[in-house]
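Here is what each chain is made of, one letter per residue.
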Amino acid sequence: LALCDLMSLAVAVLGLLGPVGPPARRSPPVAMNNPLARFNPFNPSPNEPESALTNGIDELLKDAPLPVKVLGGLVKPLIAGLGAALQESQAQGESLLQEAQGALRADSR
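Let me sum up the structure you'll find in this document. (Residues numbered from 1 in each chain as written. Predicted model: local features only at pLDDT ≥ 70, side-chain atom pairs only at ≥ 80, totals over all residues. Heavy atoms only, no water.)

### Structural notes on helix 3 (residues 66-106)
- Taking 1.5 Å as the rise per residue, helix 3 with 41 residues should run 60 Å; its terminal C-alpha atoms sit 59 Å apart, in good agreement.
- At V75, helix 3 is bent by approximately 35 degrees, the largest bend along its length, and proline P77 sits one to four residues beyond.
- Those residues of helix 3 not exposed but buried are G72, P77, G81 and G83.
- Against helix 2 (52-61) lie the buried residues of helix 3. (Helix = DSSP H or I, 4+ residues; strand = E, 2+ residues; numbered from the N terminus. Expected span 1.5 Å × (residues − 1). Bend = angle between axes of the 7 residues up to and from the residue. Buried < 20%, exposed > 50% of the residue type's maximum accessible area, 1.4 Å probe, protein only. Contact = heavy atoms within 4.5 Å.)

This is the structure in structure tokens:
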């Protein structure tokens, strides 16, 4: 290869690697709630009360065969998360309703 070809190859490789220089400033990391954090079937937290959904699953699976119990144990954390999400959504709906009622009472029309 000629020197010109080597130079153009080096420029192409450096162009693929991106700009050479100091790294760009990054914004600080933002702490966000992980929605999957509560779905840890291997380390259930004992301080969370069981919901009516999980109690119902336990009662349903009480006399079930072993494979069905195993499947129920795998699904139980997802159902518990669904129950928590439903409770949170209900609380948000109730607060929205209270705000709307307050706005209607404050309206002079």
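Here the narrative resumes.
### Focus on the pattern of salt bridges
- Counted under the stated rule, the structure contains 2 salt bridges.
- The salt bridge involving K76 is made with D58; its shortest N-O contact spans 3.0 Å. Separated by 18 residues along the polypeptide, K76 in helix 3 and D58 in helix 2 bring together distant segments of the chain.
- K62 is the salt-bridge partner of E59, the closest N and O atoms lying 3.6 Å from each other.
- When its relative accessible area of 49% is taken as the criterion, K62 is described as partly exposed. (Salt bridge = Lys/Arg side-chain N within 4 Å of Asp/Glu carboxyl O.)

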